[in-house]
Amino acid sequence: MTPYGPSPAVGIGYRSAIGDWTRDNLAHFDMLEVTVDHCISSGDSVASEIFDLVGRIPMTAHGIGLSIGTDVPVDLAYLDKVASVVQRLQAPAYSEHLAFTRAPGRDLANLLPLPKTEEVAEAIISKVCLIQSRIPVPFLLENISYLFEWPESRMTDVEFLNLICRETGAGLLLDVENLFLNAQNHGFDPVAFLNDLPAGIVKEVHVAGGVTVQKDFLACPFLADSHSHPVPDGALDLLDHVLAKHRPDVVVLERDDRLLEFDEILSDIRRIRARVDAAQHENSHASELVAASD
Amino acid sequence: MPRNMRIVMPASLLQRQIDLLEYLTSADAIFGESADAPSVPHLQGFDLAPLRLEARFSHEKRMEKIIAAFPRTFELLGGDQATVVRDFVAACPSVDIRRIENARQFYDFVCARWEAKPPQPPYLRDVASCELAMTRLRIKHKARPAQPVAAGRAIRFRRDRDAVFLPCAYDIRPVFEGGPGEAPQRRDVVLASLVPPGSGQPAVFEVPAPVYGLLVELDNWTDRAALGGMEGMDELITDLAEHGLLEVIR
C-alpha cells in the first residue's frame, strides 16, 4: 500500500502556467507533484494557487533550489522554508536532485553533475543526514540527466547513487527519462542500471519527453531533457522494468514546455497509467501463482 | 626550493565548481566558435563540446525568462537584439535562478548602456521600465475582486501599495495597447502599472499630474473628511478605487 492507495499514483508536476487547466482536470490525476521553490520564491499568487489545492488532491514535494552538490554547507534557512512548505502541502515525501546548480557568485539554474567519487559521496551523505534531521518526511534523491562527465569520476551512476542511498536510507526518485537519455548519450545499458538498484529503493518515478539536439561542434546528436514532448516508448519500456522490481508510490509526468498541448499531456497520462495497470496485473498474477504453489 | 618553483595544490571541489560555472556562463562558452581549451584554470580534462552545449542550454533558458519579462522591449530592439544579448552575457553572468532577478539584471544593464548611447527608438527605456514593473506585479499579484465603492465621509483610503508609478518621457501606452501605427508621443507623463481589481494581468494607464500629486500624499490611511468637500472629490475617489489605485476601507 502506498500513501496514495493500493497502486502507484499517476500525476503531473504542477505548473502555474497551466494552473487553471490543471485545476479543471484534476480527475485525470491521482496526485500532483509540487515544486517547493515555486511556493517559496514565485510570489504570493502562485503559492496561494498551490496551497488552495490541499485537501482536493494529494501532493508530493519536489525541490530544484537546494544545490546539494555545491561544496558549501547546506543553506539551513532554505531548508526551513522547504520544511514549512512540505508541512502545508501535507506531502508524504520531499525529493531533490543529486546535482549542483550554483557556486558562490554564479547560478546556472541548470542541474549539473558531480564528480562520482567516494569523497564526494561522503560529503553528500552528511548533507542528506542533515536534511533528514530537518525535514520530517522521507527524503528522496533524483538522478539527473547530464551532458558532461567530470574527469575524476571513478564510479558509475548507479554505484554513486546506491552508495549514498545505502548509507543514508534515502529513497530514489528515479527519472526514467534521464536514465534513458544518459544511457543513449553516454553509452551504457539502462537495464543493467535498473538491475543494480536494490529492490524497493525506488519510491517515486519521473517520466518526460525530450528532443534530439544536433550542433556542428558535437560529434553526434545529443538527447536533451527538455520536458517538452511526448514520452518516448523507450522510456516507458524502462518504466516497465522499474515497475517489475519496485513499488513506487507515484509516477509523475514532467512537462515544462509546449504546455498548451493538453491532448499530448493527457495522452501521456493514459500511456503511463496503462503501463502501471499492466504491471499491477502482472504482479497480482505472480503473487497468485506463488500462493497457489505454496 | 628554487624561487621560480611553485607548489601545485589540487584545487578544491568548490574552486573547480566555481571555475566550471564561470566558464559555462562565459560568452566564450555560449557564443564561441573556438575549439581551444578555455582559459579558466582547473578545467583540464573536461570534454569541451558537451560543456559548450550545457552553456548554450543554460543561456537559452535564462534568455527565455528575460524575454518573457521584456517582450516588447526585445521586439523594439529589432536588429540590435543579438549585440545587446552578447554584451549582456559578457557583462552580467547569471547569479540567480529567479525570473525577476534575471529581469532586473537585464534592465540595469540596458539602462547603463542607454546612458552611454541613447536607445533607438528613444522611448525604449520607458517601455523597459514599464515591463519590469509589470513583471514584478505578476509575481506579487494577489487576486482582488472588483468591488463597487460608495464614496462618502465614512470611508478611509490610502494609495495602493502594489501600484507602480512611472514618470515617463514618452506616452508609451500605444506600445501596450497594440494599436496599429500609433507611435508613442514625446511628452512628460506619469503612467501607473497595476493589476486592476477583478483582473489577473497588469495594466498601464495615465495618471494626470494633479492626481499623481494627490496619490503621493496618500501614503497612510486617510479619512475622507481630511480631503474636504472639493467638488468632484467623491467621484475621483470612486474612480481611483475602481482602477485599483486606492485601497478603501470603511
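Preceding this paragraph is the structure being described.
Residues numbered from 1 in each chain as written. Chains lettered and ligands numbered in written order. Predicted model: local features only at pLDDT ≥ 70, side-chain atom pairs only at ≥ 80, totals over all residues.

Caption draft 1: Spotlight on the overall build of chain A. The helix and strand tally for chain A stands at 10 helices and 12 strands. Against the compact-globule benchmark of 19 Å for 294 residues, chain A has a radius of gyration of 19 Å, which places it among compact chains. Along the first, second and third principal axes, the C-alpha atoms of chain A reach 55 × 45 × 45 Å. Excluding contacts between residues fewer than 6 apart, the proportion of contacts in chain A whose partners are at least 24 apart in sequence is 77%. (Helix = DSSP H or I, 4+ residues; strand = E, 2+ residues; numbered from the N terminus. Rg over C-alpha atoms; globule rule 2.2 N^0.38 Å. Contact = placed C-beta atoms within 7 Å.)

Caption draft 2: Spotlight on the overall build of chain B. Helix and strand counts for chain B come out as 10 helices and 6 strands. Each of the 250 residues in chain B was classed as buried or not, and the buried ones make up 30%. A fraction of 70% describes how many contacts in chain B between residues 6 or more apart in sequence connect residues 24 or more apart. (Buried ≥ 20, exposed ≤ 12 C-beta atoms within 10 Å, placed from the backbone.)

Caption draft 3: Fine view of the packing of helix 7 (residues 176-186) of chain A against helix 9 (residues 233-245) of chain A. All names here are of chain A. Interaxial distance between helix 7 and helix 9 falls to 9 Å at its minimum, and their mutual angle equals 115°. When you trace helix 7 past helix 9, the crossing you get is right-handed. Between helix 7 and helix 9, the contacting residues are Val176, Glu177, Leu179 and Phe180 on the first element and Gly234, Ala235, Leu238, Leu239 and Val242 on the second. Along the lines of polarity and charge, the residues of the contact of helix 7 with helix 9 split into 7 nonpolar, 1 polar and 1 charged. (Axes fitted to C-alpha atoms, helices over the stretch in contact; angles between N-to-C directions. Left-handed = near helix turned anticlockwise from the far one by under 90°. Nonpolar A, V, L, I, M, F, W, Y, C, P; charged D, E, K, R; others polar.)

Caption draft 4: Examining the interface of chain A and chain B more closely. Contact residues are listed per partner, giving 31 residues for chain A and 34 residues for chain B. Counting only elements with at least two residues in the side of chain A that touches chain B, the list comes to helix 3 (44-51), strand 5 (100-103), strand 6 (106-112) and strand 11 (222-224) of chain A. Looking at the side of chain A that touches chain B element by element, the count peaks at 5 residues for strand 6 of chain A. Grouping the constituent residues of the side of chain A that touches chain B by class yields 17 nonpolar, 9 polar and 5 charged.

Caption draft 5: Representation of the sheet that holds strand 3 (residues 59-62) of chain A within the structure. Residues and elements named next belong to chain A. The strand order around the closed barrel built from 8 strands is 1-2-3-4-7-8-9-12, with neighbouring strands paired in parallel fashion. Each neighbouring strand pair of the sheet contributes to a mean axis angle of 30°, computed without reference to strand direction. In this structure, strand 2 (residues 31-35) lies alongside strand 3, joined through 4 bridges in parallel fashion. Bridge pairing links glutamate 33 to threonine 60 in strand 3. Helix-sheet contacts for helix 7 involve strand 8 (171-175) and strand 9 (202-207), and the interaxial angle to strand 8 is about 65°. (Pairing = 2+ DSSP bridges.)

Caption draft 6: Up close: the sheet that holds strand 1 (residues 156-159) of chain B. Residue and element names in this part refer to chain B. Reading across from one edge, 5-1-6 is the order of the 3 strands in this open sheet, with antiparallel pairing throughout. Of all the strands in the sheet, just strand 5 (222-223) and strand 6 (246-249) have a single pairing partner and so form its edges. Pairing geometry for strand 1 and strand 5, over 2 bridges, is antiparallel. Along strand 5, the bridge assignment pairs arginine 156 with aspartate 223.

Caption draft 7: Region of interest: the environment of Asp107(A). On the secondary structure map, Asp107(A) appears in strand 6. For the pair Asp107(A) and Ser67(A), spaced 40 residues apart in sequence, the C-alpha to C-alpha distance is 9.8 Å. Dropping the residues within four chain positions of it, Asp107(A) is found in contact with Thr101(A), Arg102(A), Ser94(B), Val95(B), Asp96(B) and Ile97(B).

Caption draft 8: Representation of unusual backbone geometry within the structure. The peptide bond linking Gln120(B) to Pro121(B) adopts the cis configuration, its omega dihedral lying at -5°. By secondary structure assignment, the location of Pro121(B) is in the loop between helix 6 (99-116) and helix 7 (124-140). We note that Ala109(A) has phi near 60°; this positive angle belongs to a residue other than glycine. Take Ala109(A): it is sitting in strand 6. For His227(A), which is not a glycine, the phi torsion comes out positive at approximately 50°. Mapped onto the fold, His227(A) is located in the loop between strand 11 and helix 9.

Caption draft 9: Here's a closer look at the pairing of strand 4 (residues 94-97) of chain A. Residues and elements named next belong to chain A. The alternating pattern of strand 4 places Tyr94 and Glu96 and Ser95 and His97 on opposite faces, both of which are buried. One ladder, built from 2 bridges, connects strand 3 with strand 4; its direction is parallel. Residue pairing across strands places histidine 62 opposite serine 95, the latter belonging to strand 4. For the crossover that starts at strand 3, traverses helix 4 (residues 76-89) and ends in the parallel strand 4, the hand is right-handed. (Right-handed = clockwise from strand over helix to strand, strands pointing away.)

Caption draft 10: Examining the pairing of strand 2 of chain A more closely. Residue and element names in this part refer to chain A. Counted residue by residue, strand 2 has 5 buried out of 5 residues, so it is predominantly covered. With burial as the criterion, each face of strand 2 is covered, one bearing Met31, Glu33 and Thr35 and the other bearing Leu32 and Val34. For strand 1 (residues 9-13) and strand 2, the ladder comprises 3 bridges, and the chain directions are parallel. When the sheet's bridge partners are listed, glycine 13 is paired in strand 2 with glutamate 33. Between strand 1 and its parallel partner strand 2, the chain crosses via helix 1 (residues 19-24), and the hand of that crossover is right-handed.

Caption draft 11: Examining the environment of Phe46(B) more closely. Residue and element names in this part refer to chain B. Relative to the elements of secondary structure, phenylalanine 46 occurs in the loop between helix 2 (27-31) and helix 3 (48-69). We classify phenylalanine 46 as partly exposed; it has 19 C-beta atoms within 10 Å. Each C-alpha atom, one on phenylalanine 46 and one on arginine 224, is 69 Å from the other, the two residues being 178 residues apart in sequence.

Caption draft 12: Fine view of the environment of Glu204(A). Residue and element names in this part refer to chain A. Mapping glutamate 204 onto the fold places it in strand 9. Placed 127 residues apart in sequence, glutamate 204 and alanine 77 show a C-alpha to C-alpha distance of 26 Å. Ignoring anything within four residues of it in the chain, the contact list for glutamate 204 reads Thr60, Ala93, Ser95, Leu140, Leu173, Pro248, Asp249, Val250 and Val252.

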